[in-house]
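So you can see what is in the structure, the chains are spelled out below.
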Amino acid sequence: MNKLQIGLALGSGAARGYAHIGVLQVFEREGIPIDIITGSSIGSIMGAAYAAGIGADMLKEQALHIRRRHWVDLCIPKLGLIAGNKIETVLNTIMGNKNFEELDIPLGVMATDLYTKKSILIKEGNVARAVRASIAIPGIFHPVKLQDKLFVDGGLLERVPGTQAREMGANFVVGVELGFGNKLPIKNIYDVIIHTFDIMGNEIQLLKKYDCDVLITPDLSDVDPLNFSVNQVKKCINEGKRATEQVLPQILKIVRKRGKSCEE
């Protein structure tokens, strides 16, 4: 029997992605090893930071202290409302300006190429630049040009990249779906874009299904995807932990059954 290779596929969902920190905290607490990480949009940020050696508790501390002014650089709209240079600088600082081959855990980042209309798994080059491409929500962030491709948000076509985790060698994939529901009122252009994204994402996912052995689904329906406040960070992290603990027996059963010790 092949050695168990655990893949963690972290889904898209803007600020709801703080829930990924709660997922990682439970994995750390239980000593569950992560062999491969894939991420879309906010999932690529959390996955890249973790793969770069930043533990779940440190991720929580950083999330509690970062503010919108640290990463938002509004510009005259041409291809997007936010230039994205600030956030790329922040990402490079967090990840130590690393390339993919320098990471502690193999990482794959999803982005969508506007020219070919296809999702692309990025696994080489500068990590922060790839993540910046993965989070480029159309209409909000400027797209990112890499070689002959023009990238926008990876969640546009691949919300939870479980298939890509398998392509990288995982034979047991845990996915995290941050949900589509949003009960909050629509007040501005950002809300319109996010709601539209959720509608499209829901329809696409119904067709594609989830290529995951276990799917973690935090209830974030009352969370504003564009609210990065301290209270929201805490709420999302707690919900991520709660949802992970619900499926924890399934994960531990497979890990132990396949003979890979949780203490490895």
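Before reading on, note that the structure itself is shown above.
Heads up: these notes are all about the structure in this document. Bear in mind that the values here come from a model prediction, so they are computed numbers and not experimental data.

### Concerning unusual backbone geometry
One non-glycine residue with positive phi stands out, namely Gln-147, at about 55°. Relative to the helices and strands, Gln-147 resides in the loop between β7 (144-146) and β8 (149-153). Although it is not a glycine, Lys-209 sits at a positive phi angle of roughly 65°. Looking at the secondary structure, you find Lys-209 in the loop between α8 (189-208) and β10 (214-216).

### Here's the deal with helix α5 (residues 85-94)
Within α5, the full set of buried residues consists of Ile-87, Glu-88, Val-90, Leu-91 and Asn-92. Once α5 ends, the next one or two residues include Gly-96, with phi positive near 65°.

### Some words on the packing of helix α2 (residues 42-51) against helix α6 (residues 127-134)
Their axes nearest at 8 Å, the elements α2 and α6 cross at an angle of 160°. The pairing of α2 with α6 is recorded here as roughly antiparallel in orientation. As for the relative orientation of α2 and α6, their crossing is right-handed in sense. Mapping the contact onto sequence places Ser-44, Ile-45 and Ala-48 in α2 and Val-127, Val-131 and Ser-134 in α6. Per-class residue counts for the contact of α2 with α6 are 4 nonpolar, 2 polar and no charged.

### Some thoughts on the pairing of strand β9 (residues 172-176)
In terms of burial, β9 is largely enclosed, as 5 of its 5 residues are buried. Sheet topology places strand β1 (residues 6-10) next to β9; 5 bridges connect them, and they run parallel. Looking across to β9, one finds that Gly-7 is bridged to Val-173. Relative to β10, β9 runs parallel, the two being bridged by 3 bridges. Each residue of the ladder has a partner; that of Val-176, found in β10, is Ile-216.

### Overview of the packing of aromatic side chains
With the rule as written, the count across this model stands at 1 aromatic pair. The interplanar angle of 85° and the centroid separation of 6.1 Å between the aromatic rings of Tyr-18 and Phe-228 together place this pair among those described as edge-to-face. You can see Tyr-18 sitting in the loop between β1 and α1 (19-30) and its partner Phe-228 sitting in the loop between β10 and α9 (230-257), a full 210 residues away along the chain.

### Overview of the pattern of salt bridges
With the rule as written, the count across this model stands at 11 salt bridges. Glu-30 is the partner of Arg-29 in a salt bridge, and the nearest nitrogen-oxygen pair spans 2.9 Å. Taking relative accessible area as the criterion, Glu-30 reaches 24% and is therefore assigned partly exposed. Of the charged contacts, one joins Arg-166 and Asp-213 as a salt bridge, the two residues approaching to 3.1 Å between their closest N and O atoms.

### Side note on the packing of helix α3 (residues 56-65) against α9
At a minimum axis distance of 8 Å, the contact between α3 and α9 shows a crossing angle of 150°. Our classification of the angle between α3 and α9 gives roughly antiparallel. α3 and α9 meet at a crossing whose hand is right-handed. Every residue of α9 that contacts α3 at Lys-60, Ala-63 and Leu-64 is listed here: Val-230, Val-233, Lys-234 and Ile-237. In the contact of α3 with α9, the residues fall into 5 nonpolar, no polar and 2 charged.

### Some remarks on the environment of Gln-25
With respect to the secondary-structure elements, Gln-25 resides in helix α1. In this structure Gln-25 touches Ala-56, Asp-57, Lys-60, Ile-237 and Lys-241, once residues within four positions along its chain are discounted.

### A closer look at the environment of Glu-61
As for its placement among the helices and strands, Glu-61 is situated in helix α3. Accessibility expressed as a relative area gives 39% for Glu-61, which makes it partly exposed.

### Some thoughts on the side chain of Glu-239
The residue Glu-239 is located in helix α9 in this model. Exposure remark for Glu-239: the relative accessible area of 13% places this residue in the buried category. A polar contact is formed between the side chain of Glu-239 and the backbone nitrogen of Asp-219, at a distance of 2.8 Å. Sequence-distant contacts of Glu-239, defined by excluding residues within four places in its chain, comprise Pro-218, Asp-219 and Leu-220.

About the cut-offs
- Residues numbered from 1 in each chain as written.
- Predicted model: local features only at pLDDT ≥ 70, side-chain atom pairs only at ≥ 80, totals over all residues.
- Heavy atoms only, no water.
- Helix = DSSP H or I, 4+ residues; strand = E, 2+ residues; numbered from the N terminus.
- Buried < 20%, exposed > 50% of the residue type's maximum accessible area, 1.4 Å probe, protein only.
- Axes fitted to C-alpha atoms, helices over the stretch in contact; angles between N-to-C directions.
- Parallel < 35°, antiparallel > 145°, perpendicular 65-115°, else oblique.
- Left-handed = near helix turned anticlockwise from the far one by under 90°.
- Contact = heavy atoms within 4.5 Å.
- Nonpolar A, V, L, I, M, F, W, Y, C, P; charged D, E, K, R; others polar.
- Pairing = 2+ DSSP bridges.
- Phe/Tyr/Trp six-rings, centres within 6.5 Å; stacked < 30°, edge-to-face > 60°.
- Salt bridge = Lys/Arg side-chain N within 4 Å of Asp/Glu carboxyl O.
- Polar contact = N/O pair within 3.5 Å; in protein donor to acceptor, adjacent residues only side chain to side chain.

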